[in-house]
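Spelled out, the chains give:
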Amino acid sequence: MSFYSRFKCQGLLTSLVVLTLGITSCNRANEKATEVSIDGAAVGFPISLAVAEEYEKFRSKANVSVASSGTGGGISKFCAGDIDIVGASRTIRDEEIKTCAKRDITFLEIPIALDGIAVIANRQNNFVQCLTIDELKKMWNAKATHKIKTWNQVNPKFPNKPLKLYAPASDTGTFDYFTQAITGKAKNGRTDYTPSHNQNILVQGVAGDENALGYVGISYYLQNQDKLNLVAVESPKGKCEKPVPVDNVVKNIYTPLSRPLFIYVSKKSLDKKPAVKEFVNFYIENSWKWVESVGYVSLPDEAYPKVKQKVANGTTGTKFKKAKPGEPITNFI
């Protein structure tokens, strides 16, 4: 074969290799463009999972990965640019916003549902019907660590029995929200309790210990009503209230333990990945179908158009950091 012929063949081969690599690269780019990644809070995770499964039926080539490593863990990944969306059971913190800013990551704050943090006791407990905020604070604030060990230390009318406490781990959004709402100070929670990232384990712990008390997202109580006693919490108006019926959460009657749940969406992902924008709009339009079936509370009807407009406008930042327990959610969208 002449040099010219060999050159033509090699040139053709090179072109084919380049073309093949180009096609592979394009395919990978196209695959990446259809991928949507979510991580974050265990509370709210069932909603994201249900929406993702339905979206993949609607858009067959879509690939939505949904994980749950807690609010704090999810936001860490989000601020590192590793995921498109993070689920959160509290508002994003100032230090987290600063971490995101260092990586040039801005976000949209989107409420997806409401939740009531349920205070739960063992089924055999017949003396705790309602707890005041002061009593909860006495149990759960940091100064109680290794000091408040019995029920009668909380209230002299309670029996002299060991107080066994179960709650979400200290890096979860539920822990953060409860601690802030009850003690009035972030990160002011006691450390000598039984923690877990899996709230089903907390339910099992309280259900198996007659001296136990704990708190979980309302969905975990609703799934286990036959095993637990739901403890009322005294509101600022002096009435003992519970998170059920769920209207108590919607109207902020159950205060200060009613809260919004969020997804935070990367503005960069929203602008550069059409699949993310389509998925987020799909989420807003359809999530209500599963919110109540998985144990949470739907947003008020007037909230959904406001949330959609926020996405259309690409409005970034957080407004909910200024919200106080008991304020209407629609004031901050």
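Residues numbered from 1 in each chain as written. Predicted model: local features only at pLDDT ≥ 70, side-chain atom pairs only at ≥ 80, totals over all residues. Heavy atoms only, no water.

The protein has the name Phosphate-binding protein in an unreviewed UniProt entry, where Scytonema hofmannii PCC 7110 is given as its organism. For the record of the protein, the UniProt heading Function (unreviewed entry) holds the text "Involved in the system for phosphate transport across the cytoplasmic membrane." Heading Sequence similarities (unreviewed entry) of the UniProt record for the protein holds this comment: "Belongs to the PstS family." (UniProt positions renumbered as here; feature names shortened; annotations may be inferred.)

Here we take up the pattern of salt bridges. It is possible for side chains of opposite charge to pair when their charged atoms get near one another. Following the criterion strictly, the structure yields 14 salt bridges and no others. One salt bridge connects Lys-187 with Glu-95, and the closest N-O pair in it is separated by 3.6 Å. Of this pair, Lys-187 sits in the loop between α7 (173–183) and β7 (194–196) while Glu-95 sits in helix α4 (residues 94–102), and the two are 92 residues apart along the sequence. Judged by its relative accessible area of 56%, Lys-187 falls in the exposed class. Its relative accessible area of 39% is what places Glu-95 among the partly exposed residues. (Salt bridge = Lys/Arg side-chain N within 4 Å of Asp/Glu carboxyl O. Helix = DSSP H or I, 4+ residues; strand = E, 2+ residues; numbered from the N terminus. Buried < 20%, exposed > 50% of the residue type's maximum accessible area, 1.4 Å probe, protein only.)

Right, let's talk about the packing of aromatic side chains for a bit. Per the stated rule, a full pass over the model turns up 17 aromatic pairs. The interplanar angle of 40° and the centroid separation of 6.2 Å between the aromatic rings of Tyr-55 and Phe-58 together place this pair among those described as tilted. On the criterion of helical spacing, the pair formed by Tyr-55 and Phe-58 is a turn pair, its members being three residues apart in helix α2 (residues 45–58). Classification of Tyr-55 by relative accessible area gives buried; the value is 1%. When its relative accessible area of 48% is taken as the criterion, Phe-58 is described as partly exposed. For the pair Phe-178 and Tyr-215, a centre-to-centre distance of 3.7 Å together with 10° between the ring planes defines the contact as stacked. Highlighted residues: Phe-178 in helix α7 and Tyr-215 in strand β8 (residues 212–217), separated in sequence by 37 residues. Like Tyr-215, Phe-178 is buried. Through pairs of rings, three or more aromatic residues link up here, namely Tyr-55, Phe-58, Phe-279, Phe-282 and Tyr-283. (Phe/Tyr/Trp six-rings, centres within 6.5 Å; stacked < 30°, edge-to-face > 60°.)

Another aspect to go through is the nonpolar core. In this structure, Ile-47, Ile-110, Val-265, Phe-279, Val-280 and Tyr-296 are the most contacted members of the largest nonpolar core, which totals 68 residues. At eight residues, the largest contribution of residues to this core is made by strand β4 (residues 107–122). Residues lining this core come from more than one domain, with at least three contributed by each of domain 1 (34–114 + 260–331) and domain 2 (116–251). Discounting residues that sit within four places of it in the chain, Phe-279 has contacts with Val-36, Ile-38, Val-51, Ala-52, Tyr-55, Val-64 and Ile-85. In terms of nonpolar packing, the next biggest core, distinct from the first, is built from 28 residues, Val-128, Leu-163, Phe-178 and Leu-257 among them. (Core = buried A, V, L, I, M, F, W, Y, C linked by side-chain atoms within 4.5 Å. Domains from an automatic or database assignment. Contact = heavy atoms within 4.5 Å.)

Attention now moves to a positive patch on the surface. Among the surface-exposed residues, Lys-137, Lys-143, Lys-147 and Lys-185 lie close enough to one another that they form a single positively charged patch. With respect to the helices, strands and loops of the structure, Lys-143 is situated in the loop between α5 (133–140) and α6 (151–154). (Patch = residues over 30% accessible without salt bridge, like charges linked within 9 Å, V, L, I, M, F, W, Y side chains within 5 Å. Areas by Shrake-Rupley, 256 points an atom, 1.4 Å probe, with all protein chains shown as cover. Lys, Arg positive; Asp, Glu negative; His and termini not counted. Charge placed at Lys NZ, Arg CZ, Asp CG, Glu CD.)

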